[in-house]
There are 4 protein chains.
Amino acid sequence: MTVSRVVELEGHIIDSGMMQACFGIVMDLDGQFDVEEFRVGRSKTEESYCRMTVLADDPATLRSIVHELHQHGANPADPQDAEVTAAPADRVVPPGFYSTTNHPTEVRYEGEWLPVERIEMDCAVVVHPADEVGANAATDDGPQERPWAETKVLNAVSEGDLVVTGETGIRVHPPERPREKRAFGFMQGGVSAERPSESTIAQIAEELQHVKDDGGDVLVVAGPAVIHTGAREALAELVREGYVDMLSAGNGFAVHDLERDRYGTSLGMDTETLDHPRKGHKHHIYTISEVIRAGGIRAAVADGLVDSGVMYECIENDVDYVLAGSIRDDGPLPDTITDAVEAQNALREQAHEADMVMMLSTLLHSVAVGNCLPSTTRVVCVDINPATVTQLLDRGSAQAVGMVTDVGTFLPTLADYVLTRS
Amino acid sequence: MTVSRVVELEGHIIDSGMMQACFGIVMDLDGQFDVEEFRVGRSKTEESYCRMTVLADDPATLRSIVHELHQHGANPADPQDAEVTAAPADRVVPPGFYSTTNHPTEVRYEGEWLPVERIEMDCAVVVHPADEVGANAATDDGPQERPWAETKVLNAVSEGDLVVTGETGIRVHPPERPREKRAFGFMQGGVSAERPSESTIAQIAEELQHVKDDGGDVLVVAGPAVIHTGAREALAELVREGYVDMLSAGNGFAVHDLERDRYGTSLGMDTETLDHPRKGHKHHIYTISEVIRAGGIRAAVADGLVDSGVMYECIENDVDYVLAGSIRDDGPLPDTITDAVEAQNALREQAHEADMVMMLSTLLHSVAVGNCLPSTTRVVCVDINPATVTQLLDRGSAQAVGMVTDVGTFLPTLADYVLTRS
Amino acid sequence: MTVSRVVELEGHIIDSGMMQACFGIVMDLDGQFDVEEFRVGRSKTEESYCRMTVLADDPATLRSIVHELHQHGANPADPQDAEVTAAPADRVVPPGFYSTTNHPTEVRYEGEWLPVERIEMDCAVVVHPADEVGANAATDDGPQERPWAETKVLNAVSEGDLVVTGETGIRVHPPERPREKRAFGFMQGGVSAERPSESTIAQIAEELQHVKDDGGDVLVVAGPAVIHTGAREALAELVREGYVDMLSAGNGFAVHDLERDRYGTSLGMDTETLDHPRKGHKHHIYTISEVIRAGGIRAAVADGLVDSGVMYECIENDVDYVLAGSIRDDGPLPDTITDAVEAQNALREQAHEADMVMMLSTLLHSVAVGNCLPSTTRVVCVDINPATVTQLLDRGSAQAVGMVTDVGTFLPTLADYVLTRS
Amino acid sequence: MTVSRVVELEGHIIDSGMMQACFGIVMDLDGQFDVEEFRVGRSKTEESYCRMTVLADDPATLRSIVHELHQHGANPADPQDAEVTAAPADRVVPPGFYSTTNHPTEVRYEGEWLPVERIEMDCAVVVHPADEVGANAATDDGPQERPWAETKVLNAVSEGDLVVTGETGIRVHPPERPREKRAFGFMQGGVSAERPSESTIAQIAEELQHVKDDGGDVLVVAGPAVIHTGAREALAELVREGYVDMLSAGNGFAVHDLERDRYGTSLGMDTETLDHPRKGHKHHIYTISEVIRAGGIRAAVADGLVDSGVMYECIENDVDYVLAGSIRDDGPLPDTITDAVEAQNALREQAHEADMVMMLSTLLHSVAVGNCLPSTTRVVCVDINPATVTQLLDRGSAQAVGMVTDVGTFLPTLADYVLTRS
């Protein structure tokens, strides 16, 4: 028994790779296709259109294929309203709930296409009817006049939330290839260490400047290697000069940064003279103890205990910082959010506000932030380990640049380009 | 002004590297030494003894040197009681508190050397006087007749705890080189991928069998790659056959293991046929949702929802498991401990009970467990990334073996050696 | 001044990525396109066709664009004969010579499309007219009745060779996506360590069996790690059982293989007991010395000096082997070809005969072989270092599978699947 | 039956690790030791002395142990003349020949200790008697008045050469730990990416300056990544300013350097603007063709075809360069030495002349050069891959510093420190 479904694609579907992906999906999943209409964009700016019937031997196979096509921008040709089902309990989604991609998405509700707010992958979509009342209204402003939709992570779903189930009435918009060449490559997969380092840094500097000139927000996600490799002063300067709007890091990053201020060392090594690498290995635990005694980083700055470094500049310049706890933390500092869910929510807020994210030498925090990003956010990813860069860029940002380099020379060079040479 | 201090070393101090380290420390830190007595062990089993005066130009330098020597097993020749100071508040240690190494340690209290229980690095040492009463007694049995000492991490220190400060009255015993050759190398640093893989696995299998034959406890620390690479069944079998006493993992590990049970996939790929890699990427979020609905893993097993895999075998065979949360978790599952401090405490219990720890393809959890281990615990560390293996072995286990290999072939081969060939 | 050129594409140009690549090229290189005709293949087996005008602001830009398009399968719509120019001297090509891709290629000569034999990238194309006489005839059979064309590397070009220049009259056929799913992915870029290892090996075993069943030739390119990691016996068995038709390796591989036979060690370590890792580090230089004294490997086998291992099985089973020399060789063995050009020619012969190439833990030899392969040869690439696998797969084989795994467990598992389980 | 042998050690044998190594060897190889005399150096400058009897159950075990001890600086207490045996044929050493370490070595001949010249590991030692005549005299000056000894690689041994066999009459001097702290660590094994990058580069700059101030010779071993990552101008400047005395590289390095001069690209990418990454992939093959046509690099410089870059500066500043061929070369350039043995001999000359070697992003060439270095040469090793740095530093240089960093930022920063900031 052959079953079928008609889907449509439109936009820059050839050069953005959507057509290639969709044909490939059908073949990989043992289906057939029959292209009914195909209009190619004759020039760079003209869009293309494709309508095709997808065929499969059984409904389950067809469903798999259509599900996959859908995630790559092929939408059913006969739009209906999305199905919504009330969540049976807090944190429990109805069976068959729709799980999001990180691409811009719309759901059809009462005949109208609603953009899904705060798009992020692996979430449920919750629809808020017009004039919704009660706990589920989910905005501080109370009920809205018009219906709206948003993503919710599983543990944020409340009993009664209207959760989208199935796959009808949903439109996904994968990113399209920009019409002109950009510093930030389109869906670049492979990352090579063998690119001109200084020129690439110069381009990142330029892009950073553009984002700031346009009033955009820059989120820096930083690992302890930033401090160990001696790049602390360069990052502190970028914070002080206004190039960093938010900082996402862990307890370890902050401790090493503060240790450098208190003792001139990072993990016990003097980062300037490289002197006496041995004697300082207690400094980090002493630093933690002193900051705990002071009552936290902000108090330590206020008391004059700390007067330099990345954390200091964040506090002095009102840069929002989130220190997320982990099981390998010493201490931790009082500022560290030890609950993973709470910490994730805090960095989710940062992620959704950011126009550009710079991921610097941390896999854990970068993955966490990356999980919350829509595919439209600009991403810069820097790590000495090519596997880390590949893994982070694979998350599907449409505009990303990855560099396999030493953050200890990257940040001083970047600061030099941004602050001096431009 | 030259200041000086007399220190002593004894034991297998030459072949264990202590003498070399101590002479090196003095030279690196700009000191001088004057060896007053040196008796070399004439044969393999005879111990050596060294007494030397360490000299420096100023008290601060001398203190640094003596501090370092101390950590490498050189103890002051004139033992006095350790200084203890009451902690001024919860989580606040007195200034100058002694921060531990991961080597067996004793403190002198009222003229008597007390072994420090639950040794672990970067902790404070808390002394409990005889007949101590109140909250600080720290045992469920109430006051002890004799004084005793233990480590406490910073956030476990309570107001009034008697914390050791300074460095007098403390003896550290770095591990000594075993007198005979062992499968597990002594303080092996460098890790090479170019060792005979199957023979090395055979030796690990033998050591694992020895530990179990001696009634020892084996802790497995496992990352999601164990599941992705198809090694799930081999690990499940080792659990079922009693070779694993405790499991330390994260939310992701459990989710992927359960997804394999529910959908036959891991991150959406069928791990047997490698079929249809595309269609399953929602399986992990569905799995989480189903387990949440059931009320947790144990409930899901009880309900018959889950009937195979590593988590299943842990539950069926009463193997203690700790799932530590992190900021990159989806869900998380109800079993996941989301608070980092609470999770760290749970795995600290596991670490202190373990006689052998197998770290399998996870840096985060392995570092967390490694932080809690005394230097005397046997460690096996397996990862495809040589930098990870090096970092984990650098934490100073006296008996460790590292393998740069593919956990997806390592575990089946290990299970084969342990369960079939032996 | 706008200049333009009409190009055509045909075949499975959408799902093979050619259309996407070509549109991208025009945009990246600041050109414009005007699609004049586009016929989409309605079903999976029906081919598509595109004719478009490419426009640019100046002839140089247009030339760049057309050059790029050409390499991706877009050919000028108005075919003319290729230009040929006689090489002015040995090893000297005429300016503007056409440099090949690794895709099947044709050149038009006297109105006829000639397939270019022995296609390989970065070569010149030399046309041999009908009844060509003299040194340039380039076949042992003397002049051919009909004209033909072949690739020549720069240093093989002889004075008077008719070398193709410019880009007219040349057709390139990039590989097309197979119509059904295959074990060997189509143009897979990213390589992940997180795939099910045993299942992937099982698939490679199946593919290897197919190639042999079809009478194909298998070339193994092996590095010394094959021996160090203890996989020697598995590879020797595959040779003995007829699964390896050619071996490409270096002096070091052979020395370590022979050392294992002579002394039971590899780089001095007993690969079975891991015993006495220290005492054997002279074994490799002794082995070299003994084989030199015997007069070479074949003589050493004949003399009974060597009676096991990979080299032994190659000799006993008439498997062609090439040992290419390098500057880090000890010795070298008399069998090693020390001249790089001569060695490259020897492995070029192997590469052109191979239907499947297995690259095992050697970057140098794999790159050398990979450079000589047409894009249609099946490639398996195994290495513990993901960067190596990525670099090797990037060379553009249409049917390739990469595994980041331990060759010391890979080969025994592969041999098990091929020889026992199938 | 117990057999025994008396050995002696003297010097800074504890802090240089020799005693630890020797005790370990005896235990690992199932022997016993009996220390007969032990005098410890009381202060940092006073040497120590140990005489011990080594015992084993059989002569073969004893021989293994003594052989190993010997390589770590323990010499038999009863020196006799070394045995010498005439080589039976060219390239054929007598059985039982002594294979060298890379440490300074002496052989006793006619009652006198002769230093072995041109020490290098895995070589034979050839003794030249006083007034030796004929081909074996091995110096251009004809027979010497006094006997002397030198290393020869296997393929350089001539019939009749007096080759040292056995292990009597040979003294090895492993490097001793310097008495004061040095920028270049003593026998540092582990390499961490997490050191302060700029401070480490500053120290390397200082050491480079010292070597040049002392009239020392600097050998740079460079891989193509130096060009790809945009560090060409920095290296060219260091050559021009006299900081590089010799260059060791491959055909690929030179081609990419020359391509940058000719076309402004490296592997087709403009290293400044990163522009048009596609269109230039033929540039490298064109560059090769042009240099071949000119007759080589020197001729290309003379003709004005090439007027910038590393090769250009080498030629203009009379810096000796060796381009060693390999099987992955395109072309190759006429300057490339394609025979591996001849190329190895050329870089052997460089290695023996160098006081400091900088290994920059090439494993193949660095291993080749490293093989020829005595353990006393200073080594700097820079690579983005930690496994490469570890492998290169493991070769046993006494004074080495390894950096896991990006050569594309390393060289500009180094040049800045050396040329501007000092």
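Residues numbered from 1 in each chain as written. Chains lettered and ligands numbered in written order. Predicted model: local features only at pLDDT ≥ 70, side-chain atom pairs only at ≥ 80, totals over all residues. Heavy atoms only, no water.

A. How the structure looks around the overall build of chain A. Per the secondary structure count, chain A includes 13 helices and 20 strands. A compact globule built from 422 residues should have a C-alpha radius of gyration of about 22 Å, and chain A, at 24 Å, falls within 12% of that. Taken along the three principal axes of its C-alpha coordinates, chain A extends 75 × 50 × 35 Å. For chain A, the proportion of its 422 residues judged to be buried stands at 62%. (Helix = DSSP H or I, 4+ residues; strand = E, 2+ residues; numbered from the N terminus. Rg over C-alpha atoms; globule rule 2.2 N^0.38 Å. Buried < 20%, exposed > 50% of the residue type's maximum accessible area, 1.4 Å probe, protein only.)

B. Representation of the UniProt feature "domain: LOR/SDH bifunctional enzyme conserved" (unreviewed entry) in chain A in the model. On the UniProt side, "domain: LOR/SDH bifunctional enzyme conserved" (unreviewed entry) is annotated at positions that read residues 5-103 of chain A here. Taken end to end, residues 5-103 of chain A comprises 24% helix and 30% strand; its first and last C-alpha atoms sit 23 Å apart. (UniProt positions renumbered as here; feature names shortened; annotations may be inferred.)

C. The arrangement of the environment of phenylalanine 23 of chain C in detail. All names here are of chain C. Residue placement: phenylalanine 23 occurs in helix H1 (residues 18-28). With a relative accessible area of 2%, phenylalanine 23 lands in the buried category. Each C-alpha atom, one on phenylalanine 23 and one on valine 379, is 29 Å from the other, the two residues being 356 residues apart in sequence.

D. Region of interest: the sheet that holds strand E3 (residues 48-56) of chain B. Residue and element names in this part refer to chain B. Here four strands make up an open sheet; going across it, the order is E2-E3-E1-E4 and the pairing antiparallel. Each edge of the open sheet carries a strand with a single partner, namely strand E2 (32-39) and strand E4 (75-76). With seven bridges connecting them, E2 and E3 associate as antiparallel partners. Paired with arginine 39 across the strands is tyrosine 49, a residue of E3. Taken strand by strand, helix H1 (residues 18-28) contacts strand E1 (3-11), E2 and E3, and its axis lies near 160° from that of E2. (Pairing = 2+ DSSP bridges. Contact = heavy atoms within 4.5 Å. Axes fitted to C-alpha atoms, helices over the stretch in contact; angles between N-to-C directions.)

E. Quick look at the pairing of strand E10 (residues 162-165) of chain B. Residues and elements named next belong to chain B. Relative to E10, strand E5 (residues 83-86) runs antiparallel, the two sharing four bridges. Across the sheet, glutamate 83 pairs through a bridge with threonine 165, a residue of E10. Relative to E10, strand E8 (residues 124-128) runs antiparallel, the two sharing two bridges. Looking at the pairing, valine 126 lines up with valine 163 of E10.

F. Local environment of the environment of valine 239 of chain B. Residues and elements named next belong to chain B. Relative to the helices and strands, valine 239 resides in helix H5 (residues 232-240). Residue valine 239 is classed as buried on the basis of its relative accessible area, which comes to 2%. Distance in space between the C-alpha atoms of valine 239 and valine 40 is 47 Å, their sequence separation being 199 residues. Discounting chain neighbours no more than four positions away, the residues touching valine 239 are Val244, Val310, Glu313, Cys314, Asn317 and Val319.

G. Representation of the interface of chain B and chain A. On the chain A side, the residues contacting the 56 residues of chain B number 56 residues. Summed over the shared surface of chain B and chain A, the number is two salt bridges. Taking the shortest distance from any N to any O, the salt bridge between glutamate 167 of chain A and lysine 282 of chain B comes out at 3.6 Å. The interface formed by chain B and chain A includes 15 residue pairs in polar contact (both at pLDDT 80 or more). Within the residue set of the side of chain B that touches chain A, elements represented by two or more residues are H1, helix H2 (59-71), helix H7 (283-294), helix H10 (340-353) and helix H11 (363-372) of chain B. Counting residues per element, the side of chain B that touches chain A draws most heavily on H7 of chain B, at seven residues. (Salt bridge = Lys/Arg side-chain N within 4 Å of Asp/Glu carboxyl O. Polar contact = N/O pair within 3.5 Å; in protein donor to acceptor, adjacent residues only side chain to side chain.)

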